[in-house]
Amino acid sequence: MTATRGLLSKLMPPNAYRHTHRPSFSSAKSAPAHPLLLFDLNGTLVNTTDHRKRTGRMRVRPGVEHLKRLLPHFRLGVYSCDTNRRVRDAVRLIDAVVEDSLFTTRLDAKACDVFPDRMEKPLRKHFGPGCLSDVLLIDDTPRKSAPGERDNMIVVPTWHDAEDDDCVRVLIDTILRSADVGADVRSWRRNVARSFDVHAR
């Protein structure tokens, strides 16, 4: 796969760094950065808040080890509406399971836009107006996408603690089969979304 055209470092305003953890953005003299995949946590990579309250513990979704297969072609991050502490705990748990440090970018509730009936996860607000060619959000809640950014979202089924859940493996297989890393991520996002997303257009 060829490297992506856009440099995310050119797209990201300075104030976005307060929401990131160990950011890894290319400089103008570096090779072009790989596209960024931002994963939701609750219900996507770990169990939902309701399940944690009932069981008293956080669990990692089966198949998260397959995320490592994305690393040669993508940068990975998390984008959660949860608190910084809970995001940190979830990331540590995932890293322990996969025996690696996967995520170069972390955004928590402070990065979300809050409305009376929902929270949204804007991308342009933090990564700049040109970022939509290089960033995808993977979430289990369609309403989390910001206006005008629906084509940058892949909606996956919510994990309800089923041990035989195979969503992550299928997602990674489909991304690697469909993605043209040198192209606008929106050009191949729909092919991936059709595998999971009943809202795919």
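Just so it is clear, the structure is predicted and the values come from calculations on it, not from any experiment.

Asks: Give me the lowdown on the environment of Val91, citing residues and values where you can.
Replies: With respect to the helices, strands and loops of the structure, Val91 is situated in helix α3 (residues 84-98). Owing to a relative accessible area of 1%, Val91 belongs among the buried residues under this scheme. Once the C-alpha coordinates of Val91 and Val78 are considered, the two residues, 13 residues apart in sequence, prove to be 8.3 Å apart. Leave out the neighbours within four places in its chain, and Val91 touches Val78, Phe103 and Arg106.

Asks: Outline the nonpolar core, supporting the account with residue identities and numerical values.
Replies: Core analysis: the largest hydrophobic core is formed by 34 residues, its most contacted members being Leu67, Leu171 and Ile175. Going through the elements one at a time, β1 (36-39), β2 (75-79), α3, β6 (135-139), α5 (167-178) and α6 (186-193) are the ones with two or more residues in this core. Listed in part, the 14 residues of the second largest apolar core include Leu36, Leu107, Leu123 and Leu137.

Asks: Lay out the sheet that holds strand β3 (residues 103-107) in plain terms, naming residues and giving numbers.
Replies: Here five strands make up an open sheet; going across it, the order is β3-β2-β1-β6-β7 and the pairing parallel. The open sheet is flanked by β3 and β7 (153-155), the only strands paired with a single partner. Strand-to-strand twist across the sheet, computed as the mean angle between neighbouring axes with direction ignored, equals 25 degrees. Bridge analysis of β2 against β3 gives four bridges, and the strand direction is parallel. Each residue of the ladder has a partner; that of Val78, found in β3, is Arg106. Lying on the sheet, α6 is in contact with β6 and β7; it crosses β7 at an angle near 5 degrees.

Thresholds applied
Residues numbered from 1 in each chain as written. Predicted model: local features only at pLDDT ≥ 70, side-chain atom pairs only at ≥ 80, totals over all residues. Heavy atoms only, no water. Helix = DSSP H or I, 4+ residues; strand = E, 2+ residues; numbered from the N terminus. Buried < 20%, exposed > 50% of the residue type's maximum accessible area, 1.4 Å probe, protein only. Contact = heavy atoms within 4.5 Å. Core = buried A, V, L, I, M, F, W, Y, C linked by side-chain atoms within 4.5 Å. Pairing = 2+ DSSP bridges. Axes fitted to C-alpha atoms, helices over the stretch in contact; angles between N-to-C directions.

Interpretation note: all reported values are geometric properties and have no functional meaning in isolation.
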